Amino acid sequence: MELRVRRHLMLLVVVLLANFSFIVPALAETTPIRTAMAGFDGRPADGPAAKHLKVNTYNLYLGADLSPIIAAPNLAEMIRQTRIAYRHVLWADFPARARAIARLLARQRPDVLGLQEVALWKEGPIGGPLRTTVDYLPILLKALREQGLNYEVAAKNTNFTAQSPIGPTRQVSLTDHDAILVRTGTTGRWRVSHSESHDYMARLTIPTAAGPIAIPRGWSAVDVTARGRTVRVANTHLDPDSPQIRNAQAEELRTKLATAAHPVVLLGDLNAPPSDPTGPYALFAQDGYTDAWTAIHGPDGGFTATQIDLDTVPSTLYERIDYVLYNSMRPEDSDSGHIQVVRATVIGNKLRDRTLSGLWPSDHAGVVATLAISRP
């Protein structure tokens, strides 16, 4: 079963666009050459010469299994199913899930977060103004502050915006973002610069009753620097439905990151497992990227996707599609450094990680990796 829940999220877009306009915003498994605990110059990666950068990737989940919408035989049933899906989004209780995620991150204290499916939901009268009902980004930032963690948004890209009726007089809208957050107010904090966000040229086009619809996706990146060590951190969420489009997006990102002046850390939901010989994982592996999880634990375990629903017990995570990848193959640069993984762990996959009402923090688990950045 290939990424069933991710396909459902894409199907929502098709349905939402049946009556409203779409708004387009302006490694096969690889073994590291060196051992996970040794630096590039032979010193321990966690020794005094290294600066540690802790990163996290987390898909936050838009909020519902939306396949009944696309299966609806007519417009009236589509509207009814959209209403059911929206109610599920509210039931999925992102404020509570954000508090659960914040508690997990408080234990890890990552310097950089790469987030996908950072949703903004609005509701209002058809033809009238919409009011925000669930805005993931400020909700999560507040939950993090309550845990003593302060983050700033370093980069954000918009994947799609759409809206649909949920009844004779009401409508909802959804905007999907990806975002990079960097922790502030810490000793020796990482300085952020050179932020950029882009849409992929490759995008899935789906035939619908309203005509063909193009589904945009994108990526963001920033430089983070501390004590003379700079790395380029990128974040993305690749297409879940079409391997051809997904691979083309990965190639666009690989080509762009190949011009980076510094070592690269790639965070994201690549929507393909390591076993896909032609997928994004294999493409980045061929370009010299190392998988932080594999470098520490080997190819087994580390499952991050997907929970059938947020109240499912036991966990239904069964595959690995969310990654921390890194590539130190960059020109010698006094402001750059070499990367080596020190630690990698999965969060949000244990029963104790759930909300007080028994919801998983997301339909994905997150990955946290500690990377040692040493001078070239």
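Residues numbered from 1 in each chain as written. Predicted model: local features only at pLDDT ≥ 70, side-chain atom pairs only at ≥ 80, totals over all residues. Heavy atoms only, no water.

*Asks:* In this structure, what is going on with the sheet that holds strand β11 (residues 264-269)? I would like to understand it.
*Replies:* Paired through backbone hydrogen bonds, the strands of a sheet run either parallel or antiparallel to each other. The 6 strands lie next to each other as β6-β9-β10-β11-β13-β12, forming an open sheet whose pairing is mixed. Both edges of this open sheet fall to β6 (191-199) and β12 (290-291), since each of them pairs with a single strand only. With 2 bridges connecting them, β12 and strand β13 (residues 322-327) associate as antiparallel partners. Looking across to β13, one finds that Thr-290 is bridged to Tyr-326. (Pairing = 2+ DSSP bridges. Helix = DSSP H or I, 4+ residues; strand = E, 2+ residues; numbered from the N terminus.)

*Asks:* Before we go on, may I ask you to explain the pairing of strand β15 (residues 366-374) in this structure?
*Replies:* Along any regular strand, the residues point their side chains to alternate faces of the sheet. Of all 9 residues that make up β15, 9 are buried, and the element is covered over most of its length. Of the two faces of β15, the one holding Gly-366, Val-368, Thr-370, Ala-372 and Ser-374 and the one holding Val-367, Ala-369, Leu-371 and Ile-373 are both buried throughout. Of the pairings in the sheet, the one linking strand β1 (residues 50-59) to β15 comprises 8 bridges and is antiparallel in character. Of the residues in β15, the one forming a bridge with Asn-56 is Val-368. With 9 bridges connecting them, strand β14 (residues 338-347) and β15 associate as antiparallel partners. When the sheet's bridge partners are listed, Thr-345 is paired in β15 with Val-368. (Buried < 20%, exposed > 50% of the residue type's maximum accessible area, 1.4 Å probe, protein only.)

*Asks:* Looking at this model, I keep getting lost on the packing of helix α4 (residues 94-108) against helix α5 (residues 136-146). Mind explaining?
*Replies:* To characterise two packed helices, one gives the angle between the axes of the helices and the distance between these axes. Two elements in contact, α4 and α5, have axes whose closest approach is 8 Å; the angle formed by their N-to-C orientations is 45°. Relative to α5, the element α4 is oriented oblique. For the pair α4 and α5, the crossing hand works out as right-handed. Together, Phe-94, Pro-95, Arg-97, Ala-98, Arg-99, Ile-101, Ala-102 and Leu-105 of α4 and Tyr-136, Ile-139, Leu-140, Ala-143, Leu-144 and Glu-146 of α5 make up the contact between the two elements. When grouped by side-chain class, the residues that make up the contact of α4 with α5 number 11 nonpolar, no polar and 3 charged. (Axes fitted to C-alpha atoms, helices over the stretch in contact; angles between N-to-C directions. Parallel < 35°, antiparallel > 145°, perpendicular 65-115°, else oblique. Left-handed = near helix turned anticlockwise from the far one by under 90°. Contact = heavy atoms within 4.5 Å. Nonpolar A, V, L, I, M, F, W, Y, C, P; charged D, E, K, R; others polar.)

*Asks:* Any chance you could explain the environment of Ile-296 here in plain terms?
*Replies:* Tracing the backbone through its elements, the reader meets Ile-296 in helix α8 (residues 292-297). Taking the C-alpha atoms as reference points, Ile-296 and Ala-369, separated by 73 residues in sequence, lie 9.7 Å from one another.

*Asks:* What should I look at first to understand the nonpolar core in this one?
*Replies:* In globular proteins that are soluble, nonpolar side chains generally tend to be buried together. In this structure, Leu-60, Leu-115, Leu-140, Leu-144 and Leu-181 are the most contacted members of the largest nonpolar core, which totals 37 residues. Counting residues per element, this core draws most heavily on α4, which supplies 7 residues. When neighbours within four sequence positions are excluded, Leu-140 is seen to be in contact with Leu-60, Phe-94, Ala-98, Ile-101 and Leu-115. Val-55, Ala-226, Ala-292 and Tyr-326 belong to the second largest nonpolar core, which has 30 residues in total. (Core = buried A, V, L, I, M, F, W, Y, C linked by side-chain atoms within 4.5 Å.)

*Asks:* It is not clear to me how helix α3 (residues 75-91) should be interpreted in this structure. Could you clarify?
*Replies:* Turn by turn, an α-helix covers 3.6 residues, leaving residues three or four places apart pointing in a common direction. An ideal rise of 1.5 Å per residue puts 24 Å on 17 residues; α3 measures up with 24 Å between its terminal C-alpha atoms. Along α3, the positions that sit buried rather than exposed are Glu-77, Met-78, Ile-79, Gln-81, Thr-82, Ala-85, Tyr-86, His-88 and Val-89. In this structure Asn-74 caps α3, since a side-chain oxygen of it lies 3.2 Å from the backbone nitrogen of Ala-76. Positive phi shows up at Asp-93, right after α3, with a value of about 55°. (Expected span 1.5 Å × (residues − 1). Polar contact = N/O pair within 3.5 Å; in protein donor to acceptor, adjacent residues only side chain to side chain.)

*Asks:* Just checking my understanding: could you explain the confidence of the model for the protein for this structure?
*Replies:* Low pLDDT means the predicted coordinates in that region are not meant to be read closely. Averaged over all residues, the pLDDT of the protein equals 84, while 81% of them reach at least 70. Within the model, pLDDT remains below 50 along residues 1-48, and this stretch shows 145 contacts once partners closer than five positions in the same chain are excluded. (pLDDT = per-residue confidence, 0-100.)

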